[in-house]
Amino acid sequence: MRTIATCRDDFPVLDQTASSGRPLVYLDSAATSHKPLPVVEAERRFYLHDNANVHRAVHTLAARATDAYEQARRAVARFIGAPQPESVVFVRSTTEAINVAARSLGQMLLREGDEVLLTVMEHHSNLVPWQLVARASGARLRYARLLEDGTLDLDSVREILAGGKVRIVAVTHQSNVLGTVNPVAELAAMAHEAGAVILVDGAQSVPHMPVDVQALGCDLLAFSGHKMLGPTGIGVLWGRIELLERMEPVFGGGEMIREVELDHATWNDVPYKFEAGTPPIAQAVGLGAAVEYLESLGMANVHAHEATLARYAVRRLQELRNIRIYGPLDDRRGGLVAFNVDGVHPHDVATILDHEGVAVRAGHHCAQPLMRWLDVPATVRASFYVYNTEADIDALVEALLAVERVFGKGRR
Ligand SMILES: Cc1ncc(COP(=O)(O)O)c(C=O)c1O
């Protein structure tokens, strides 16, 4: 039986040394996760045995490719508690999913003076698409404030909604910097009460915790395959089917149409009207395998494992002098920790950690407004997944002692 304790063997990429010759410790899964053997094997099998375009021919391979693609859609629907597989639209990434949703909803719902409610902790992917849509529609972007500890200020959300102008709420489920997990079910209830539609950026939640769209009560959910043990180039836009049916497509081309005349066209059913052109077929198959892999581990176990690692990381980092951790220090944090070492640029920290074999990310993490709110140019971020252990965090702490040695900081 596959368990979190034994799954590391499925990730041969981890079994290597970093460029410095030290054993590799990978703490950058929030950027992208590694792929277990069953996912790589599923894609390989697809290319070696079933490869054909989908939905377009009657021959045997095309039928098998279409079955494999639609089976992946059913697996994803099951994984997020979606009532109908057709409510799962395959796109390339979270970024594409949010752009499609923003463009389509923008056209449908936003008029001059309307408002879109975002938060200060959004990734640029859930921010810039709304800026583009606001510019085109004359709508105004409003930002809910954060509390001192990096959690969302729900009073600020209430205040903005009370103005009666918000048509769309777009919020991250889990911040990719603070680790904050937002109370999405509560936000969905608040948005609906105010007559708004709510989109959830699930890029950092769907890979790491049980996510059930019906329990959350959201209208749209966006996430990426590559952050959840799946391939790059595949993402998901899930939507309530009645809403997807009312939304106009954003991309035109093959497969998304029913009839094409010289001067107009009619649209195919959901989800196909949003899947113009040849979709990422093998990648969808890989995502289906990733979903099955995560289901075999159990998402509640994945979440508990990461919560344990996050708690352990916070505790160990607090033992070091001159480390400032961002985001909540309690269990409202998911499996990542962003921090800075006093007086040392995050890129220098990451470079020394890399020399010690520890892969972390340093930068603004595509969240520049949040960096301004934190009043830092950048942070270091260590992020965890199913294949990480407490020993990886011990290696991080040991490597941070090397940073202290290089920059002359002492231990507490
Ligand atoms: C919270 C959040 N939203 C959106 C994205 C964008 O994901 P992708 O680059 O896969 O489109 C990321 C990626 O880091 C993220 O962390």
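Please read all numbers here as calculations on a predicted model, not as lab measurements. (Residues numbered from 1 in each chain as written. Predicted model: local features only at pLDDT ≥ 70, side-chain atom pairs only at ≥ 80, totals over all residues. Heavy atoms only, no water.)

Engineer: Quick one: what's the story with the sheet that holds strand β14 (residues 361-363), residue by residue and with numbers?
Structural biologist: With antiparallel pairing, the 4 strands of this open sheet are ordered in space as β11-β12-β15-β14. Where the open sheet ends on each side, the last strands, each with one partner, are β11 (323-326) and β14. Direction aside, neighbouring strands of the sheet carry axes that sit 30 degrees apart on average. Note that β14 and strand β15 (residues 379-383) share 3 bridges and pair antiparallel. Paired with R361 across the two strands is R381, which belongs to β15. Sitting on the sheet, helix α13 (residues 390-407) touches β11, β12 (336-341) and β15, and the angle it makes with β12 is about 15 degrees. (Pairing = 2+ DSSP bridges. Helix = DSSP H or I, 4+ residues; strand = E, 2+ residues; numbered from the N terminus. Axes fitted to C-alpha atoms, helices over the stretch in contact; angles between N-to-C directions. Contact = heavy atoms within 4.5 Å.)

Engineer: Can you lay out the site of the ligand for me, pointing to particular residues and giving the numbers?
Structural biologist: As a matter of local geometry, the ligand sits amid 13 residues, with T95, D201, Q204, S224 and K227 nearest to it. Q204 is positioned with one of its side-chain polar atoms (N or O) 2.7 Å from an oxygen atom of the ligand. In this structure, an oxygen atom belonging to the ligand sits 2.6 Å away from a side-chain N or O atom of K227. When the ligand sits alone it has 390 Å² of accessible area, and the protein chains cover 87% of it. (Near = heavy atom within 4 Å. Polar contact = N/O pair within 3.5 Å; in protein donor to acceptor, adjacent residues only side chain to side chain. Areas by Shrake-Rupley, 256 points an atom, 1.4 Å probe, with all protein chains shown as cover.)

Engineer: So what's going on with the packing of aromatic side chains? Which residues, and what values?
Structural biologist: What the rule picks out here adds up to 5 aromatic pairs. For the pair F46 and Y47, a centre-to-centre distance of 5.8 Å together with 70 degrees between the ring planes defines the contact as edge-to-face. The exposure class assigned to F46 is buried, which follows from its relative accessible area of 3%. Taken together, the ring pairs in this structure connect F11, Y293, Y385 and Y387 into an aromatic cluster. (Phe/Tyr/Trp six-rings, centres within 6.5 Å; stacked < 30°, edge-to-face > 60°. Buried < 20%, exposed > 50% of the residue type's maximum accessible area, 1.4 Å probe, protein only.)

Engineer: Give me the UniProt feature "domain: Aminotransferase class V" (unreviewed entry) in the protein: which residues, what numbers.
Structural biologist: Following the UniProt record, the feature "domain: Aminotransferase class V" (unreviewed entry) maps to residues 25-396 here. The straight-line gap between the two end C-alpha atoms of residues 25-396 is 8 Å; of that span, 40% is helix and 17% is strand. (UniProt positions renumbered as here; feature names shortened; annotations may be inferred.)

Engineer: With reference to specific residues and values, describe the sheet that holds strand β6 (residues 197-201).
Structural biologist: Taken in spatial order, the 7 strands make up an open sheet running β2-β8-β7-β6-β5-β3-β4, and their pairing is mixed. Looking along the sheet, the strands with just one partner apiece sit at the ends: β2 (88-91) and β4 (140-144). Pairwise comparison of adjacent strand axes, ignoring direction, gives a mean angle of 20 degrees for this sheet. Of the strand pairs in this sheet, strand β7 (residues 220-224) and strand β8 (residues 235-239) are connected by 5 bridges, and their pairing is antiparallel. For A222, the partnering residue across the bridge sits in β8 and is L237. Strands in contact with helix α2 (residues 60-79) are β2, β7 and β8; relative to β2, the strand with the most contacts, it is inclined by about 120 degrees. Where helix α5 (residues 154-162) meets the sheet, its contacts fall on β3 (115-119), β4 and β5 (166-172), and the angle it forms with β4 comes to roughly 155 degrees.

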